[in-house]
Structure formats: structure tokens, C-alpha cells
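# What the coordinates show
What follows is the residue order along each chain.
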Amino acid sequence: MLITTLVEDLGQDPEAVRPDTRLGELEVDSLALLELLTILEDEHHLQMPDDVGAFSNDPTLAEVADYLQSVQGSAAPLADAVKDGAV
Amino acid sequence: MSDCVAVTGLGMVTAAGNDAASTWERVNTGVGTARLDPQLEGLPVAFSCRAEAFEPAHILGRTLTWRMDRFIQLALVAARQASADARLEHDSVDPLRVGVVIGASGSSGASGAAWKKLIAGRPQGISPTTIPGSSANMAAGEVSLDIGAQGPGLSVNTACASGSTAVSIARDLLRSGTCDVVLAGGSDTACSTFMAASFDKLRALSRRNHSPEAASRPFDAERDGFVLGEGAAVLVLERSEHAHARRAPVHAYLAGAALGCDAYHSTAPTPDGSGAARSIRAALASAGMEPSDIDHVNAHGSSTTLNDLSEARALRTVFPTPPPVTANKGVLGHSLAAAGAIEAALTVMTLTHQQIPPTANLGRLGDGIELDVVTKAPRALHMRSALSTSFGFGGQNAVLIFTSP
């Protein structure tokens, strides 16, 4: 879902989008990140954090996916998720 | 410091072509570009002059394209073309002294998409790019970002005079010494259901659905309104001493410019053309020229009943014998905030080629229009100077004067 959105909605090269690719390598800046999260929330009904600070350390796509998975159905603040090693 | 301003680069995307050369070639055929527009199907006016061949993702890449509205994409591409034409290598130009002034109305598709989400009860689905991807200021903002210009970045809106207004402001920035180089132009996308439906309610648009190609007919007796278009043009302007120092190509000089306002009516021009005439005279004064010094007029010529008559009267008022006139909107339609910049660029090319493009669809001059309008075929003419007019809602006028190098 994450990779599909990056390719189909944000125009990323399918060859460049792999689990170990970092957001920075794809030039996904803060605006593109917000767009990505908005599409995932609106079209796939995923719960998204208000605070996107966890993405500031240039995570890989696998780490992004793990983190998004961790916050589904959880109201836990992002900071707690970071402390818990979810990112 | 010299007051003389040189035009050293041109970039253009229109319904007639994806660059300045192809637009020039098509404009000289005198054949309109208007077509039935599937996106306007079902509206009272269902045709436009859309830049169908413009595919921004092929030029800008998909990762840049998705985040900005089409009018910003058009501005970016025109600016890149103009920069390349002017050979604006960054090592020869101080980025702190490069400005960007773009005419833009902000008639956005992105805000329309946001409204659809709101109406559907899905505010969470509004794109974060709605504001930065559609605000009028971002036409200049994204161009500055793209070329690394760190001087003043301005988007200006004087309706259909925006593109010319931008060029006039750029001239001021150069003559005041604020900038060494300014990229100035206009960009707009008027081919939307919102614009078509809204302008139609003003009775401003041609309803010639049965023959769109013949719908935009400036100064013609059977004109019935303008045709929505889209596009962008950017001119690279710099003080002539700066251009000469870096051995830049000089297409023309921007010898004069003036801005003014009718202060008469929100949408209608002064019937006697007095508002436009004031701006034309002011432009002549700024250039230190007399009416007899002007060899050609690139008219606003929107193809509306009121504007064309008012403009013809203005030209007759200023020029005892008006020089040959053309109106590019017959071919290109009316791209609103972009139109003045596109016509400025075409005026420069008219001087370069010493050839006036024909006005499309002009069969018989309308009553009261006593002008020598070039029609049917291009007219070769020795020209040293040419004047371009632009008039917008709000009575906002802009006039530019270019001279051959």
C-alpha cells in the first residue's frame, strides 16, 4: 500500500521504491510526506499521527510501514511510540 | 547605471505550441486553436484554447508535477525555457540580485478538488498541497525556487493585464537598481468549468459552439466574446549594461511601460477608450517617444464587443494614423493573467522577424473600428518599435513598448 501510493500518487519510480529505500533518497520532503499520509488516511482509512516528527530521521520505507502499523488503533502519542522503539 | 532594459530570453507555452518558436509559427498561420473541450461538455460554452500538447510530467518529472497546479507548472516550464534562452548560467549572475515577477490569477484546480472533499464530508482528504500548490504567489515562488533566484519574488494580479503588469514592475526593479536580472511573465489556466461557467454569466465569452476555431475574432463585426485559453510566457529582462557585460543575446529593449486604471467600471472599459489612451500616452512618455515613433501595435484585442471598440477608439485618440495592428487572441484565445506576457513575447518576436502575424478570423471590421488590422497573412514591415496593450477587469491597464536592438 505504501509503495503503491508512492508510485501511483506521488510519481516515484517503481524501480527506486524498495523496503530499504530511505525517504530522503526519494526526495520525499515534509510536504510530500504529509501528502503520503493524507492519501493513506483518506483512501485506506489508516489512522495517522498528528505529529510527524518521527519521520525526521530519514527512515526506510520498511521502518515507515512498521511505524504506521504500530499506530493503527492506538491513541498512543508518537513520542511514546518512539520510546518504545517502534520507529 | 543605465536605465535601458534588455530582453535577453523568451519562454512560452501556449495552445499553439510548447515553446516560443512553435507558438510563433502557428500564430503566423492565422488559424485559431480553439477546439471543443471535453472537460467543458454540457456547459453553454463548451470549447477552449487548451495547451493540449503540454504534458508537464514529461518535462518536470512526476515527483515535482503532482504537488503544483497547472498554472505553476506552466510558469516553471516557461521560466526554464527563458533562462536557457538567455544563457543565465548561475556563475555569471548574482542570485541575490535576480528577481521573479509573475502575473497569476490563482484560478486553481487544486482548490476545486479541496472543495469537492469538503462537500463530500471528507475534510481529512484535502491535500496538504492545496495551499502551496495553488496560491497565486507560488507561481513566482516556485520559479524562484527552481532557478535559485534570491531577489524579490512577486506574483501580481491585475486580471487580464497581469502578465504585462509583471513586465512593467520588472522594469522598475531593474531601473531602481534593486535587481540585475528579472524573470517576468504570466501564467494562467482558464480552461476550467469554474471559469467557463462564471465568465459566461458575465456574457463575456463567445458562444460559437458550432465553430470554435472561428470563435475568437478580434475587431471583427461578428465577434461575440472571448475564448478561454491557457499558457505562460516568461521574459528575461536585465539592464543592458549587465546583458552586454556577460555577452547575452539581446532580442529587444523594453523602452517604455506604464500602468493605469480606468476607475470607471468594475468590468467594462471606458466607452471612449480614454482610460486606455492615458496608459498608452504614459508608456510613450516613459520611453521618451512620440506616437509617430511607434511602428506597430500588438493589441489586447479580446474579441469582446465592448473591449475591441474601446481599444480602437483609444488607439485612434493617441495615434492620428494608427500603425498596423494585430491581435494574437484570435489564434490563442485569452489566457487571462498570461495573455499580456505571451503577447509581449510575441511583440518581441515580431520585431526580431520584422513580420506582423495576422489576426485570425477577421472578415469585416466592426462598426467604429477604424484601424489597419493585419489579417489573412503575415505582413513584412520594417519596424523599430512596437507597443503592446493589455486591459483587465477592474479597469486595470498595462502598456509596454519594445524597440529593436
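Residues numbered from 1 in each chain as written. Chains lettered and ligands numbered in written order. Predicted model: local features only at pLDDT ≥ 70, side-chain atom pairs only at ≥ 80, totals over all residues. Heavy atoms only, no water.

Glancing now at the packing of helix α1 (residues 20-27) of chain B against helix α13 (residues 339-353) of chain B. If you want to describe how two helices pack, look at the angle between their axes and the distance between the axes. All names here are of chain B. Direction vectors running N to C along α1 and α13 enclose 75°, while the axes themselves pass 11 Å from each other. On the basis of the axis angle, α1 is roughly perpendicular to α13. Here Ala20, Ala21, Thr23, Trp24 and Val27 of α1 lie close against α13, whose contacting residues are Leu346, Met349, Thr350 and His353. Grouping the constituent residues of the contact of α1 with α13 by class yields 6 nonpolar, 3 polar and no charged. (Axes fitted to C-alpha atoms, helices over the stretch in contact; angles between N-to-C directions. Helix = DSSP H or I, 4+ residues; strand = E, 2+ residues; numbered from the N terminus. Parallel < 35°, antiparallel > 145°, perpendicular 65-115°, else oblique. Contact = heavy atoms within 4.5 Å. Nonpolar A, V, L, I, M, F, W, Y, C, P; charged D, E, K, R; others polar.)

Turning next to the environment of Gly9 of chain B. All names here are of chain B. Locating Gly9 in the fold gives a position in strand β1 (residues 5-13). A residue is classified by how much of its surface remains accessible, and Gly9, at 0% relative accessible area, is buried. Expressed as a C-alpha distance, the spacing of Gly9 and Glu238, which sit 229 residues apart in the sequence, is 9.7 Å. Gly9 has contacts with Ala82, Asp85, Ala86, Val234, Leu235, Val236 and His251, leaving out every residue within four places of it along the chain. (Buried < 20%, exposed > 50% of the residue type's maximum accessible area, 1.4 Å probe, protein only.)

Attention now moves to the state of the cysteines. In protein structure, a disulfide is the covalent linkage between the sulfur atoms of two cysteines. Residues and elements named next belong to chain B. In the structure shown here, the tally under the stated rule is 0 disulfides over all chains. As a non-bridged cysteine, Cys160 has Cys191 as the owner of its nearest cysteine sulfur, 13 Å distant. Cys191 takes part in no disulfide bond, and the closest cysteine sulfur, belonging to Cys49, lies 7.2 Å away. (Disulfide = S-S within 2.5 Å.)

So, on to the interface of chain A and chain B. Tallying the contact residues gives 14 residues for chain A and 13 residues for chain B. Interface area, chain A with chain B, both sides summed: about 1200 Å², of which 52% is carbon and sulfur. Area buried by chain A at its contact with chain B is led by Leu31, Glu35 and Asp42 of chain A, which between them contribute 45% of it. Linking chain A with chain B are 3 salt bridges, by the criterion used here. Close ionic contact of Arg67 of chain B with Asp29 of chain A constitutes a salt bridge, the shortest N to O distance being 2.9 Å. One can count 8 residue pairs in polar contact (both at pLDDT 80 or more) joining chain A with chain B. Listed by contribution, the elements that provide at least two residues to the side of chain A that touches chain B are α1 (2-8) and α2 (30-44) of chain A. Top element by residues in the side of chain A that touches chain B is α2 of chain A. It accounts for 7 residues. (Buried area = accessible area lost by both parts, 1.4 Å probe. Salt bridge = Lys/Arg side-chain N within 4 Å of Asp/Glu carboxyl O. Polar contact = N/O pair within 3.5 Å; in protein donor to acceptor, adjacent residues only side chain to side chain.)

Residues and elements named next belong to chain B. One finds Met12, Val182, Leu235, Leu237, Leu346 and Phe402 to be the most contacted residues of the largest nonpolar core, which totals 42 residues. Sorting elements by how many residues they give to this core places α13 first, with 8 residues. When residues of this core are assigned to domains, at least three fall in each of domain 1 (5-252) and domain 2 (257-403). Counting 32 residues, the second-largest nonpolar core is a separate cluster that includes Phe54, Ala82, Leu88 and Val98. (Core = buried A, V, L, I, M, F, W, Y, C linked by side-chain atoms within 4.5 Å. Domains from an automatic or database assignment.)

A few words on helix α4 (residues 70-85) of chain B. Taking 1.5 Å of rise per residue, 16 residues should cover 22 Å, and α4 of chain B covers 23 Å from first to last C-alpha, within 8% of that figure. Of all the residues in α4 of chain B, the buried ones are Phe71, Ile72, Gln73, Leu74, Ala75, Leu76, Val77, Ala78, Ala79, Ala82 and Ser83 of chain B. (Expected span 1.5 Å × (residues − 1).)

Turning to the sheet that holds strand β9 (residues 296-298) of chain B, a few remarks are in order. All names here are of chain B. Spatially, the 10 strands line up as an open sheet ordered β5-β4-β6-β7-β1-β8-β14-β13-β9-β10, and their pairing is mixed. Sheet topology places β5 (153-156) and β10 (325-326) at the edges, where each strand pairs with a single neighbour. Pairing between strand β13 (residues 385-392) and strand β14 (residues 396-403): 8 bridges, direction antiparallel. Residue pairing in the sheet places Gly392 in a bridge with Gln396 of β14. (Pairing = 2+ DSSP bridges.)

On to the domain arrangement of chain B. Residues and elements named next belong to chain B. Annotation of chain B at the domain level lists domain 1 (5-252) and domain 2 (257-403). Of note, the centres of domain 1 and domain 2, computed from C-alpha atoms alone, are 20 Å apart. With 66 residues of domain 1 at the interface, the matching set in domain 2 holds 64 residues. Here domain 1 meets domain 2 over a buried area of about 4800 Å², counting both sides, of which 68% is carbon and sulfur. Where domain 1 meets domain 2, there are 1 salt bridge. Notably, a salt bridge pairs Arg223 with Asp308, separated by 3.6 Å at the nearest N-O pair.

This part takes up the packing of aromatic side chains. Inspection of the entire model under this criterion finds 3 aromatic pairs over all chains. Arranged with centres 5.5 Å apart and planes meeting at 80°, the rings of Phe55 of chain A and Tyr67 of chain A form a pair that is edge-to-face. Linking Phe55 of chain A in the loop between α2 and α3 (61-71) with Tyr67 of chain A in helix α3, this pair joins segments that are 12 residues apart in sequence. Given the relative accessible area of 8%, Phe55 of chain A is considered buried. Between Phe199 of chain B and Phe393 of chain B, the ring centres sit 6.0 Å apart and the planes meet at 55°, which makes this aromatic pair tilted. Taken together, the residues span a long stretch of sequence, with Phe199 of chain B in helix α8 (residues 193-201) and Phe393 of chain B in the loop between β13 and β14 at a distance of 194 residues. (Phe/Tyr/Trp six-rings, centres within 6.5 Å; stacked < 30°, edge-to-face > 60°.)

With that out of the way, let us pick up the packing of helix α10 (residues 274-287) of chain B against helix α11 (residues 305-318) of chain B. Residue and element names in this part refer to chain B. Close contact between α10 and α11 brings their axes to 8 Å; oriented N to C, the two are set at 45°. Here α10 is positioned oblique relative to α11, judged by the angle of their axes. When the axes of α10 and α11 are compared, the crossing they make is right-handed. Note on element contacts: α11 touches α10 through Ala314, Leu315, Thr317 and Val318, opposite Ala276, Ala277, Ile280, Arg281 and Leu284. (Left-handed = near helix turned anticlockwise from the far one by under 90°.)

Residues and elements named next belong to chain B. Relative to the assigned elements, Thr347 resides in helix α13. Classification of Thr347 as buried rests on a relative accessible area of 0%. Sequence-distant contacts of Thr347, that is, excluding residues within four places in its chain, are made with Asn298, Ala386, Ser388 and Phe402.

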